[in-house]
Amino acid sequence: MAIRIQRAGRVRWGALAGYVLFGVAMFAVGLVVTFPLERVLGQLTAQVSAQTGWRVALGSARWQPPTGLRLGALTGTPPGGPALRLDRVALQVDPMRLKSGVLALDHVVKGYGATATGHLEVRGPQAEPGFEWKGAVKGLDLARMPLPPPGVPMAPWAAGMTMAGRMALEGAAGWRANQFLRGNGEATLQVTGLSVNLPTTALGVLELPLGEVSGEAKWQRGRVDLTGLTVNGELGHAEGSGRILMGTTAQTTRIDLRFNAELGAGFPMRDIVAGMVGGADKPVAIGVKGTLANPVMYVNGRPLSRFMMGS
């Protein structure tokens, strides 16, 4: 008799647990079905537009239980310049971090042939939130990226510039509000098949087949230090480092890059450069200094030309 009572008790507790789990499941389903997702996302995009000036348009949106959100195409149009479009965005929220005022998101973003995966944390006042990001981007098709980047005016010599190649990077960064380059971070970069086309130089159309490019970058409060830079392509082989001081425009952004190079068949004005250094097989020191709008190339300390300024 005692054994039957114990078993019956177990059955009753099991049934109760089943009802509780069923109720929790129905509550979750009801929340997903009835939550005004479209309205909340509409308010969010309106807030982003008011604070940044970007116009944001969202495609389809749906929950991915229990704490995920999947968005279709997402398009952002800056105040000036071409729009940026992402094909798909998947977000996973850590609800436990919300208790401490931290929005923690794992994300998978697809667009321009690339997949970006990483972790983003947002904290602090709404007027000037703090961001921390760590992740990786693989397979970015540079030919599909709109130029110039939002908020970056093109220098005269770069008008009509196009690029080709595939880029991958890994990195981490921290910043406030929309001041990404005024924050700090580091990244490793690799580009395969990089080619730059400049149609408006003083030499006419200039094709620069850079080939394989890699390096590391660290930045803090607008100063970007570049190390371990390597270039292998038709232009030749080069190793170097440099620094970029970011300004608000191309005219106020200063660059200082230095390379030890061996000239390749595709190097611009190769015969002139070879004559300056005593032969095409001689190693040369190449520097690029000045502003982003008006760079000057130096060979063994002597200015080569201002051909990149265009006419």
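Residues numbered from 1 in each chain as written. Predicted model: local features only at pLDDT ≥ 70, side-chain atom pairs only at ≥ 80, totals over all residues. Heavy atoms only, no water.

Secondary structure summary: the protein chain contains four helices and 18 strands in total. In the protein chain, buried positions account for 33% of the 311 residues. By element, 61% of the accessible surface of the protein chain is carried by carbon and sulfur atoms, the whole surface being about 18400 Å². (Helix = DSSP H or I, 4+ residues; strand = E, 2+ residues; numbered from the N terminus. Buried < 20%, exposed > 50% of the residue type's maximum accessible area, 1.4 Å probe, protein only. Areas by Shrake-Rupley, 256 points an atom, 1.4 Å probe, with all protein chains shown as cover.)

Relative to the elements of secondary structure, Pro303 occurs in strand β18 (residues 302–305). Taking the C-alpha atoms as reference, Pro303 lies 9.8 Å from Lys289; in sequence the two are 14 residues apart. Setting aside chain neighbours within four positions, we find Pro303 in contact with Val296, Met297 and Tyr298. (Contact = heavy atoms within 4.5 Å.)

Turning next to the sheet that holds strand β5 (residues 84–86). Strand order in the open sheet formed by three strands is β1-β4-β5, and the pairing between neighbours is antiparallel. Every other strand in the sheet has two partners, leaving β1 (55–58) and β5 as the edge strands with one partner each. When the angles between neighbouring strand axes are averaged without regard to direction, this sheet yields 10°. (Pairing = 2+ DSSP bridges. Axes fitted to C-alpha atoms, helices over the stretch in contact; angles between N-to-C directions.)

We now examine helix α4 (residues 270–277). What α4 keeps buried is the set Val273, Ala274 and Val277. Projection of α4 onto a plane perpendicular to its axis shows the buried side chains occupying an angular sector of 100°, all on one side. Among the exposed residues of α4, those oriented more than 90 degrees off its buried face are Asp271 and Gly275. Just beyond α4, the residue with positive phi is Gly278, at close to 90°. (Arc of directions from axis to C-beta.)

Attention shifts here to the confidence of the model for the protein chain. With 79% of its residues at a pLDDT of at least 70, the protein chain reaches an overall mean of 80. Looking at the elements of the protein chain, mean pLDDT is at its lowest for helix α1 (residues 2–34), recorded as 50, and at its highest for strand β13 (residues 223–233), recorded as 96. For the stretch residues 1–11, pLDDT sits under 50, and the model shows zero contacts to residues farther than four places along the chain or on other chains. (pLDDT = per-residue confidence, 0-100.)

Turning to the pairing of β13, a few remarks are in order. Where strand β12 (residues 204–220) and β13 come together, eight bridges link them in antiparallel fashion. Its bridge partner lying in β13, Ala217 is registered against Leu226. Linkage of β12 to β13, two consecutive antiparallel strands, is achieved through a turn of two residues, within which Arg221 is found at a positive phi near 50°. Relative to strand β14 (residues 236–245), β13 runs antiparallel, the two sharing nine bridges. Opposite Leu226, over in β14, you have Gly242 as the bridge partner.

Moving on, we get to the pairing of strand β7 (residues 103–111). Bridge count between strand β6 (residues 88–93) and β7: six bridges; the pairing is antiparallel. Bridge pairing in β7 links Leu91 to His107. Across nine bridges, β7 lies against strand β8 (residues 114–123) in antiparallel orientation. Its bridge partner lying in β8, His107 is registered against Gly118. Hairpin connection from β7 to β8: two residues lie between these consecutive antiparallel strands, with Tyr112 at a positive phi of about 55°.

With that out of the way, let us pick up the pattern of salt bridges. Considering all chains together, one arrives at seven salt bridges under this definition. With a closest N to O distance of 4.0 Å, Glu186 and Lys218 form a salt bridge. Of the two residues, Glu186 is situated in strand β11 (residues 184–201) and Lys218 in strand β12; the sequence distance between them amounts to 32 residues. Owing to a relative accessible area of 53%, Lys218 belongs among the exposed residues under this scheme. Between Arg258 and Asp256 there is a salt bridge, with the nearest N and O atoms lying 3.3 Å from each other. (Salt bridge = Lys/Arg side-chain N within 4 Å of Asp/Glu carboxyl O.)

Attention now goes to the packing of aromatic side chains. Per the stated rule, a full pass over the model turns up one aromatic pair. Taking the centre distance of 5.3 Å and the plane angle of 10° together, the rings of Phe131 and Trp175 count as stacked. Residue Phe131 is found in strand β9 (residues 130–141), and its partner Trp175 is found in strand β10 (residues 162–176); the two are separated by 44 residues along the sequence. (Phe/Tyr/Trp six-rings, centres within 6.5 Å; stacked < 30°, edge-to-face > 60°.)

So, on to the environment of Pro82. With respect to the helices, strands and loops of the structure, Pro82 is situated in the loop between β4 (74–77) and β5. Overall, Pro82 belongs to the partly exposed group, its relative accessible area being 29%. Each C-alpha atom of the pair Pro82 and Met145 lies 9.7 Å from the other, and the pair is 63 residues apart in sequence. Ignoring any residue separated from it by four or fewer positions in sequence, one finds Pro82 in contact with Pro146, Leu147 and Pro148.

Once that is clear, we can look at the nonpolar core. One recurring pattern in soluble globular proteins: nonpolar side chains tend to sit buried together. In terms of nonpolar packing, the biggest core is built from 53 residues, with Leu140, Leu198, Leu226, Val284 and Ile286 touching the most fellow members. Apart from residues lying up to four places away in sequence, Ile286 is in contact with Leu257, Arg258, Phe259, Ala261, Leu263, Phe267, Met297 and Tyr298. (Core = buried A, V, L, I, M, F, W, Y, C linked by side-chain atoms within 4.5 Å.)

Relative to the helices and strands, Thr291 is located in strand β16 (residues 284–291). Within the structure, the side chain of Thr291 is placed 3.0 Å from the backbone nitrogen of Asn294, a separation counted as a polar contact. Those residues in contact with Thr291 that lie beyond four places of it in its chain are Ala250, Gln251, Thr253, Arg254 and Ile255. (Polar contact = N/O pair within 3.5 Å; in protein donor to acceptor, adjacent residues only side chain to side chain.)

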